[in-house]
Amino acid sequence: MLSVPAPTAAPATPFPLAALKPQTLTSLPLMWRRIPARRLASALLFSSPLPRAVAPQVPPLERRLLPAAPGLLPPPRPSRWQQDPRWFAASSAAAEAVSSEEAEELAHEIVRAQPNQNQPQLPVEEHQTSGREHRGRHQWSRRGHQTQVAAEEHGMTYHKYASLRRRQIRVETEAWEQAAKEYRELLADMCEQKLAPNLPYIKSLFLGWFEPLRDQIASEQELVADRGSRASHGPYFNMLPADMMAVITMHKLMGLLMTGSGDGSVRVIQAACQIGEAIEHEVRIHRFLEKTRKKSNKETENEEEIGDSEIGKEQQRLRKKVTDLMKKQKLRQVRKIVKNQDDSRPWGQDAHAKVGSRLIELFIETAHIQPPASQSSDGLPDIRPAFRHEMRTVPKDQQRNSRRYGVIKCDPLVRQGLDRTAKHMVIPYMPMLIPPLCWTGYDKGAHLFLPSYVMRTHGARQQREAVKRAPREQMQSVFEALNTLGSTKWRVNKRVLSIVDRIWSSGGRLADLVDRTDVSLPEKPDTEDDTVLKKWRWHMRSVKKENSERHSQRCDVELKLAVARKMKDEEGFYYPHNLDFRGRAYPMHPYLNHLGSDLCRGVLEFAEGRPLGESGLRWLKIHLANLYAGGVDKLSYDGRIAFAESHLEEIFDSADMPLEGKRWWLGAEDPFQCLAVCMNLTEALRSSSPETTISHIPVHQDGSCNGLQHYAALGRDKLGAIAVNLVAGEKPADVYSGIAARVVEIMRRDSQKDPSTDPDAARARLILDQVDRKLVKQTVMTSVYGVTYVGAREQIKRRLKERGVIADDAELFGASCYAAKVTLTALGEMFQAARSIMNWLGDCAKVIACENEPVKWTTPLGLPVVQPYRKLGRHLIKTSLQVLTLQRETDKVMVKRQRTAFPPNFVHSLDGSHMMMTAVACKKQGLNFAGVHDSYWTHACDVDTMNKILRDKFVELYDTPILENLLESFEKSFPKLKFPPLPERGDFDMKDVLDSPYFFN
């Protein structure tokens, strides 16, 4: 907190403010008397003594703010703003628009920028002040210095950084308010012009719903304000203006309908809690803004009364008031208020549900829709509710606690417009325009105003408390890694986005984009034949399911494109990151991020470009082959480079005429990313100096079945290490092909047996020709994460069904059972060490869970992890809409879930640690880095450096006795329990990883 006390002896100035007579002040132009409080605050503080003993003299306050009054002041020396009026206009406008902290930094910058040549220096003794004053002024200048350092660190000028931060503050604090303001203005235009504005369909619906909902909320606010009111939502209902509550309710509910199941419905409990939570977040921001506005007005009134007594004393008192005001308005203080550290208690889930339910109920009562056809007919208009509340029954196989649940379902007309709604939605958690705040605690970091938490605990109390209690020193490496991931600057690849827009506007269907039209519903056959009708009903269900899935996918694409279009003209933006409970890092923005689909990855690129260099050009060709895939990505590096060089004509054609040419890029497994690389590679190869071509493309290095790599390292398993590329080879080993080959061997042996005595013989003969890499891949991947026999059976059954070779359902089921059994057998043979470690981890978890304790451990980076699996109890809340059932943790742990989830969760915590260690090391080497769990990204020219770092960090991670440390922590936490001994391990030398070219490739 800054502390700038009023000076005991003001520095000698030619014409101090105290010399002005009251009547003179009133005779001056209104500029002085009506100057905004923030600008006055900045100006007064500018006139404070400078913190250094010898410093350039700053023109006094009246010389920079007041025009010379005739007969009062001698003609002053022309100041900088008088020589160039734009300088004063810009600085005064900035002072008026920014927060007090920004004004403070602006003050520092203006003082710093004053020319010191040809100016007399003040005597040293005039700057001899008390230690307290000196410390206060030092603190004052330090903040501006810190901002200057931050701006330079990210390659920006001071004013550019300050400008972007002001925009970021507006994005976070004014999104809902701006939407409400827009609706008010549109309504005013409609009233004045007596006509509806030319708006998109959905936006016109929003506008039609806004006024009735706002008025109904206002009426409800009057009712609950009555002292006799006993409404359970009453205490929370008057904390926001009605128009903002209306906008939040409309947009949040529509957003949930867009991202829901696709049938135009959302569960009441989900909608009510999310709307209530959004209202609480906005209340905290609104309370802060109102508080600072009131203070500014009060201070302005006080300032206008200056001159009614001794001006000298008033000036000192005013200076102190201004200093206090600046202290209270600092962004650090604001963050504490907004992030639940103010004097108000969090609302809690019950309050969220009650407030949200009442708002949904009011919305249902006031929102109506009219089909376009009936708007011009002569009869009565067909006006019907846009939303309705209905109860549904949980299917018997899914029933656990409750059998019925409530949903909000929208009218089909509304649903038809949902997939065009994204561009009109308010999305609070957008990518940031400035680097995120550094993480320093559980809820301290990332966004400036929006609530930000370092871990997504999803209500798991013990996990949340464990992270909060962890010493900051212990969490420092985790914070540093998240700060590194958040500091990577991104931008939109406009060329790729324009191609996406063209495909989407033409109906989709290309490059894995969903078809924008629905499948036509089959007509009901004119027959009484039950067999035909049954077939029609089955066909109708499948078509409706397909249309529902298409609808969900269209909404998803629209949300991604809405963010991309909004950010496309930004020079760059950032993704603040946080963790899941296992320690894996994720971007906090949910829609357009690099963890997303090929569409997201294709339209995103690094904002900073770097010359390719010789190695970068080589890696760009390898990256193209990896993205094209189809088996090419399993070749050696030389084979992949040869693939790219043999398709240069197609690459150039893809870059020049993506949609008019041969469309070679559409055959890639990741088409939009492939197109982006085609464009960059074309530019480089056509250049006279390809190595100097600037590239913004992130080049990926992916682990080879990364979960099994970690198990092989834990068990020092030589056979497993070879299978997953921990050992050097001429080309990458493909574990999926290896498992498939072993499965074929077993099935071929079984097929030679007598089918009359061994039923497996017939099944082996039936599917022997169907066994390939793709059939077993999903089961091998998920084996690391504890896939069960039933899970493996269903995975293989889906693959076989896609191929349509086995028509009979009974035969298909039997063949799937047999294939799953053989695949798991082959996995056990090839990865015995991995299986023994998985079993040991599960046994340890069972010992702990049987004591009704959750499994806890600390990751190698110091992150405390608590498995959240507890039995859930029911908590009923009576709301105005319905009785809601909230699930809450009980004191009983789920023993089976604790046991089965521990092995995969533990391995996830290790791969998260490896990624974060690599991120920090890359940052120190000056690399741009992005990570997607087991896929590491950097510029093409830096891939060789990153490859060395990630191998070094993997070896460093496993140089520590991870399993021994884990067992020791268990025995220390539960000294009375008996844990199984550590599994036997092999003699694999971890240093072999350093020389393995295909470990990550």
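Shown above is the structure to which this text applies.
Along each chain, residues carry numbers from 1 onward, in the same order as the chain's sequence is written. Predicted model: local features are reported for residues with pLDDT of at least 70 only, side-chain atom pairs are reported and counted for 80 or more only, and whole-chain, interface and lining totals are derived from all residues. Processing note: side-chain calculations cover all non-hydrogen atoms of the structure and skip hydrogens and water entirely.

Student: Now, about helix α37 (residues 895-924): what can you tell me, with residues and values included?
Tutor: Labels follow the DSSP assignment, with helices taken as runs of H or I lasting at least four residues and strands as runs of E lasting at least two, numbered in each case from the N terminus. A helix is expected to span 1.5 Å for every residue after the first. If you check α37, its first and last C-alpha atoms are 43 Å apart, about what 30 residues at 1.5 Å a residue would give, namely 44 Å. A residue's bend is the angle separating two fitted axes: one through the seven residues that end there, the other through the seven that start there. Along its length, α37 reaches its greatest deviation from straightness, about 45°, at F902, and the proline P903 lies no more than four positions downstream. A large share of α37 lies buried, amounting to 23 of its 30 residues. Directly beyond the C-terminal end of α37, a positive phi value near 85° is found at G926. The buried label applies to any residue whose accessible area, calculated with a 1.4 Å probe on protein chains only, is under 20% of its type's maximum; exposed applies above 50%, and partly exposed to all values in between.

Student: An account of the environment of R456 is requested, with residue identities and associated values reported.
Tutor: Among the structural elements, R456 can be located in strand β8 (residues 455-456). A contact between two residues is defined here by any heavy atoms of the two lying within 4.5 Å. Non-local contacts of R456, meaning those with residues more than four positions away in its chain, are made with N578, L579, D580, F581, Y586, P587 and M588. In the analysis that follows, any N or O atom pair within 3.5 Å is treated as a polar contact, provided that within protein one partner can donate a hydrogen and the other can accept it, and provided that, for residues neighboring in sequence, both atoms belong to side chains. A polar contact of 2.8 Å, which involves the side chain of R456, links it to the backbone oxygen of P587.

Student: Go over the packing of aromatic side chains with me, naming the residues and quoting the values.
Tutor: Here is the rule: rings of Phe, Tyr and Trp (six-membered ring for Trp) pair when centre to centre is within 6.5 Å. Planes less than 30 degrees apart are stacked, more than 60 are edge-to-face, and the remainder are tilted. Following the criterion strictly, the structure yields 26 aromatic pairs and no others. Centre to centre, the rings of W857 and F902 are 5.1 Å apart; their planes meet at 65°, and the pair counts as edge-to-face. With a gap of 45 residues between them, W857 in strand β17 (residues 856-858) and F902 in helix α37 connect regions that are remote in the sequence. Accessibility classification places W857 together with F902 in one group, the buried group. Taken together, the ring pairs connect F929, Y936, F954, Y958, F999 and F1000 into an aromatic cluster. A cation over a ring is seen here: R686 above F652, with NZ or CZ 4.9 Å from the ring centre. Charge over a ring is defined by NZ of Lys or CZ of Arg lying within 6 Å of the ring centre and within 35 degrees of the ring normal.

Student: I'd like a description of the nonpolar core, backed by residues and values.
Tutor: In this structure, L726, I739, M747, F831 and F906 are the most contacted members of the largest nonpolar core, which totals 105 residues. Here this core takes 12 residues from α37, the largest share from any one element. Here this core gathers at least three residues from each of two domains, domain 4 (709-730 + 842-928 + 942-995) and domain 5 (735-830). Ignoring any residue separated from it by four or fewer positions in sequence, one finds F831 in contact with L708, G720, A723, V724, V735 and I739. Definition of nonpolar core: a set of buried residues of the types Ala, Val, Leu, Ile, Met, Phe, Trp, Tyr and Cys, connected through side-chain atoms within 4.5 Å. Membership of the second largest hydrophobic core comes to 79 residues, among which are V492, L624, A676 and A930. Residue ranges for the domains trace back to a domain assignment, done automatically or taken from a database.

Student: How would you sum up the pairing of strand β5 (residues 404-410)? Please name residues and give values.
Tutor: Among the seven residues of β5, six are classified as buried, and the element is accordingly described as predominantly covered. The pairing criterion for strands is at least two bridges between them, as found by DSSP. Pairing of strand β1 (residues 265-267) with β5 involves three bridges; the strand directions are antiparallel. Considered in β5, the bridge of R267 is made with V407. Strand direction decides the pairing type here: strand β4 (residues 387-393) and β5, joined by seven bridges, are antiparallel. Note that in β5 the partner of H389 across the bridge is I408.

Student: So, the pattern of salt bridges: which residues are in play, and what are the values?
Tutor: The term salt bridge refers to a side-chain nitrogen of Lys or Arg lying within 4 Å of a carboxyl oxygen of Asp or Glu. Counting across every chain of the model gives 42 salt bridges. Two residues, K821 and D760, come together in a salt bridge whose shortest N-O distance is 2.9 Å. With a gap of 61 residues between them, K821 in helix α35 (residues 809-830) and D760 in helix α32 (residues 759-767) connect regions that are remote in the sequence. D760 sits in the buried class, given a relative accessible area of 15%.

Student: Pulling in residues and values, what's your account of the side chain of E172?
Tutor: Within the element layout of this structure, E172 appears in helix α9 (residues 158-173). The exposure class assigned to E172 is buried, which follows from its relative accessible area of 4%. For E172, the side chain forms a polar contact with the side chain of H447, separated by 3.4 Å. Not counting residues up to four positions away in its chain, the partners in contact with E172 are I285, M432, H447, L448, F449 and L450.

Student: Help me get a handle on the sheet that holds strand β10 (residues 573-574), residues and values and all.
Tutor: Taking strand neighbours across the sheet as the criterion, the three strands line up as β10-β9-β13 in an open arrangement whose pairing is antiparallel. Each edge of the open sheet carries a strand with a single partner, namely β10 and β13 (604-606). Where strand β9 (residues 489-492) lies against β10, two bridges are found, and the strand directions are antiparallel. Residue pairing for β10: K489 is matched across the bridge by Y574.

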